[in-house]
Amino acid sequence: MLKPPSPNRRAALATMASALTLCALRPATVQAAGVATGQQPPAPGDALALPSWDDRPRVITPADLVLNAPPLVVYPSDITGKTVRERSRLNQILLVRLSPDQLDATTSRRAADGIVAYTGTCTHAGCSVSEWDASARQFLCPCHSSRFDPAHAGTRVAGPAARPLPALPLKIEHGRLLVAGTFSGKIGAKSA
Ligand code: FES
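Along each chain, residues carry numbers from 1 onward, in the same order as the chain's sequence is written. Two thresholds apply to this predicted model, a pLDDT of at least 70 for residue-level local features and 80 or more for giving and counting side-chain atom pairs, whereas whole-chain, interface and lining totals are computed over all residues.

Structural notes on the overall build of the protein chain
Which entries qualify depends on this criterion: Each helix is a run of DSSP H or I of at least 4 residues and each strand a run of E of at least 2, with the numbering of both proceeding from the N terminus. Every C-beta atom is placed from the backbone, and the number of other C-beta atoms within 10 Å of a residue's own sets its class: buried at 20 or more, exposed at 12 or fewer, partly exposed in between. Distance between backbone-placed C-beta atoms decides contact: two residues are in contact if it is within 7 Å.
Secondary structure summary: the protein chain contains three helices and eleven strands in total. From first element to last, N terminus to C terminus, the protein chain shows the α and β order α-α-β-β-β-α-β-β-β-β-β-β-β-β. By the burial criterion, 31% of the 192 residues in the protein chain qualify as buried. Long-range pairs, those at least 24 residues apart, make up 54% of the contacts in the protein chain between residues at least 6 apart in sequence.

This is the structure we're talking about:
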């Protein structure tokens, strides 16, 4: 038969239970302390930052994007770059700068000075869209060779993916590159 806990053990258990309740009820406090949460998707007003293992400056500015250069892989961040939500692969964002006159009307509305942003997660089976075809200026997923056109709303131009790459609207404010909206579609291998 189980013995009832001693008074000291009861007190310790009560303290643990109280601490667990606080953790569950106060995620905003953890976030405010600058701890990367990892799970929240990008939101309007977020900055975009290089991951913490990269030794370049953390928060991206428009000057970091070179015309037609391979995409930068960035993550949503607070404006200081101290809280980078990099722990979820669903938060991987591809940034490229294209000539504004190459963009279709939908992409122009989402772009900031020719800079466009897309999820880095393939809509076919969820691999990372990690390659760039410089001559065609297209994203390429190495798993099954789906290709996406960043100048035309992330449209699939080859391969088995059924949907475009969801886009993330951008804006420039006070010289900062910021998120201006939410992704245009579901992230990853889900139907639209
Ligand atoms: S997961 Fe990208 S093409 Fe299959």
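Side note on the confidence of the model for the protein chain
As a reminder, the rule being used: Confidence scores here are pLDDT values: one per residue, from the predictor, ranging 0 to 100.
Scored by pLDDT, the protein chain comes out at a mean of 81, with 76% of its residues at no less than 70. This model gives residues 1-36 a pLDDT under 50, and the stretch forms eleven contacts once residues within four places in sequence are excluded.

A few points about the sheet that holds strand β8 (residues 155-158)
Put simply, the test is: Any two strands with at least two DSSP bridges between them are considered paired. An axis is simply a line fitted to the C-alpha atoms; with a helix, the fit covers only the stretch in contact. Between two such axes, the angle follows the N-to-C directions and lies from 0 to 180 degrees.
Within the open sheet, the four strands sit side by side as β5-β6-β7-β8. Their pairing is antiparallel. The open sheet has two free edges, formed respectively by β5 (131-133) and β8, since each of these has just one partner strand. Averaged over neighbouring strand pairs, the angle between their axes works out to 35° when direction is ignored.

Some remarks on the nonpolar core
Basically, it comes down to this: In this usage, the nonpolar core is the set of buried Ala, Val, Leu, Ile, Met, Phe, Trp, Tyr and Cys residues whose C-beta atoms join them within 7 Å.
Of all hydrophobic cores here, the largest spans 34 residues; its most connected members are Leu 48, Ala 49, Ile 60, Val 74, Leu 95 and Ala 117. Only β1 (47-49), β2 (72-77), β3 (93-97), β4 (115-119), β9 (167-168) and β11 (176-179) provide two or more residues apiece to this core. Apart from residues lying up to four places away in sequence, Leu 48 is in contact with Ile 60, Val 74, Pro 76, Ser 77, Ile 93, Leu 95, Leu 177 and Val 179.

A short note on unusual backbone geometry
Although it is not a glycine, Arg 137 sits at a positive phi angle of roughly 50°. We classify Arg 137 as partly exposed; it has 15 C-beta atoms within 10 Å. Phi at Ala 153 takes a positive value of approximately 60°, unusual for a residue other than glycine. Following the sequence through the fold, Ala 153 ends up in the loop between β7 (147-149) and β8.

A short note on the pairing of strand β10 (residues 170-173)
Pairing geometry for β10 and β11, over four bridges, is antiparallel. Opposite Leu 170, over in β11, you have Val 179 as the bridge partner. Linking β10 back to β11 in an antiparallel pair, the connection comprises two residues, with His 174 at a positive phi of about 50°.

With respect to the pairing of β8
Within a regular beta strand, the side chains point alternately toward one face of the sheet and then the other, so they alternate between its two faces. The pairing of β7 with β8 spans three bridges and is classified as antiparallel. When the sheet's bridge partners are listed, Phe 148 is paired in β8 with Arg 156. Hairpin geometry of β7 and β8 is characterised by an intervening segment of five residues between the two adjacent antiparallel strands and by a positive phi of about 60° at Ala 153.

Some points on the environment of Ala 162
For Ala 162, the position within the fold is in the loop between β8 and β9. Distance in space between the C-alpha atoms of Ala 162 and Ala 189 is 9.2 Å, their sequence separation being 27 residues.

As for the environment of Phe 183
On the secondary structure map, Phe 183 appears in the segment after β11. Taking the C-alpha atoms as reference points, Phe 183 and Pro 41, separated by 142 residues in sequence, lie 8.9 Å from one another.

Thoughts on the environment of His 144
Checked against the element boundaries, His 144 lands in the loop between β6 (138-140) and β7. Separated by 14 residues in the primary sequence, His 144 and Ala 158 have C-alpha atoms spaced 9.8 Å apart. Excluding anything up to four places from it in sequence, His 144 contacts His 124, Gly 159 and Pro 160.

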